[in-house]
Amino acid sequence: MAGYPEQYPRTGFLLSLIGGILITVVSLLVVALVYALASELSALGYGGAATALVVAELMVGAVLGILIIYGAYQVRSRPASARIWGIGIIVLALVSIFVSSGGFYIGALLALIGGFLAYRWRPPAPSPTGWSPAPGAPPTWSPPPPSGPTPPLAGAAGKFCPYCGASNPAPARFCARCGAGFPG
């Protein structure tokens, strides 16, 4: 929502998640395709050890994709450690480019960008007043609770604030301590 700081690296999470899903799904689809075409591949001379090597490489790609998905969920659920998980996602995406090349470049590129965004994300700075609205909630303000008895102001002969109890001069329209408006 506009105006509210992100509580976790949302864009890094989404790009890493999509990249991991693409790497995993494409790897598994190609493994299924290799098994479906095993007899045709063996007729072309690519049987036995070559097919097993390709399947093993693709399964490593699927495992890397699953690990990237896990890293993306860690970025989402543990935003304080987003830098560490961002580095992990970057490393896994780079390894997936070199281990399981061919068709996985889009997923690896998305995971690289998502990992970089998660690495660069900083948590929002706490408010000096301690006020921070819940995401999606409209901003509201209420006067702070009284911290103790308030000494009367010089020349105070009139109004007491209904919110904090501070003494105010008679012509005042707003409390000098908490800023609340006086009725009437």
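One can find the structure itself at the top, above this paragraph.
As the structure is a prediction and not an experimental result, all values here were calculated from the model. (Residues numbered from 1 in each chain as written. Predicted model: local features only at pLDDT ≥ 70, side-chain atom pairs only at ≥ 80, totals over all residues. Heavy atoms only, no water.)

**Student:** Whenever I open this one, the packing of helix H1 (residues 10–36) against helix H5 (residues 105–120) confuses me. Can you help?
**Tutor:** Axis angle and axis distance: for two packed helices, these are the angle between their axes and the distance between the axes, and together they describe the pair. Direction vectors running N to C along H1 and H5 enclose 155°, while the axes themselves pass 7 Å from each other. By the criterion of interaxial angle, the relationship of H1 to H5 is roughly antiparallel. The two elements H1 and H5 meet at a crossing, and its hand is left-handed. Two secondary-structure elements touch here, H1 through Thr 11, Gly 12, Leu 15, Ser 16, Ile 18, Gly 19, Leu 22 and Ile 23 and H5 through Ile 106, Gly 107, Ala 108, Leu 110, Ala 111, Ile 113, Gly 114, Gly 115, Leu 117 and Ala 118. For the contact of H1 with H5, a count of residues per class yields 11 nonpolar, 7 polar and no charged. (Axes fitted to C-alpha atoms, helices over the stretch in contact; angles between N-to-C directions. Helix = DSSP H or I, 4+ residues; strand = E, 2+ residues; numbered from the N terminus. Parallel < 35°, antiparallel > 145°, perpendicular 65-115°, else oblique. Left-handed = near helix turned anticlockwise from the far one by under 90°. Contact = heavy atoms within 4.5 Å. Nonpolar A, V, L, I, M, F, W, Y, C, P; charged D, E, K, R; others polar.)

**Student:** What is the right way to read a nonpolar patch on the surface from this model?
**Tutor:** A contiguous nonpolar patch, built from Leu 14, Ile 18, Leu 22 and Ile 106 and spanning about 350 Å² of accessible area, is present on the exposed surface. In this fold, Leu 22 is placed in helix H1. (Patch = residues over 30% accessible without salt bridge, like charges linked within 9 Å, V, L, I, M, F, W, Y side chains within 5 Å. Areas by Shrake-Rupley, 256 points an atom, 1.4 Å probe, with all protein chains shown as cover. Salt bridge = Lys/Arg side-chain N within 4 Å of Asp/Glu carboxyl O.)

**Student:** Would you mind showing me how to read the state of the cysteines here?
**Tutor:** Disulfide: a covalent bond connecting the sulfur atoms of a pair of cysteines. Following the criterion strictly, the structure yields 0 disulfides and no others. Between Cys 161, a free cysteine, and Cys 178, which holds the nearest cysteine sulfur, the sulfur-to-sulfur gap is 3.7 Å. (Disulfide = S-S within 2.5 Å.)

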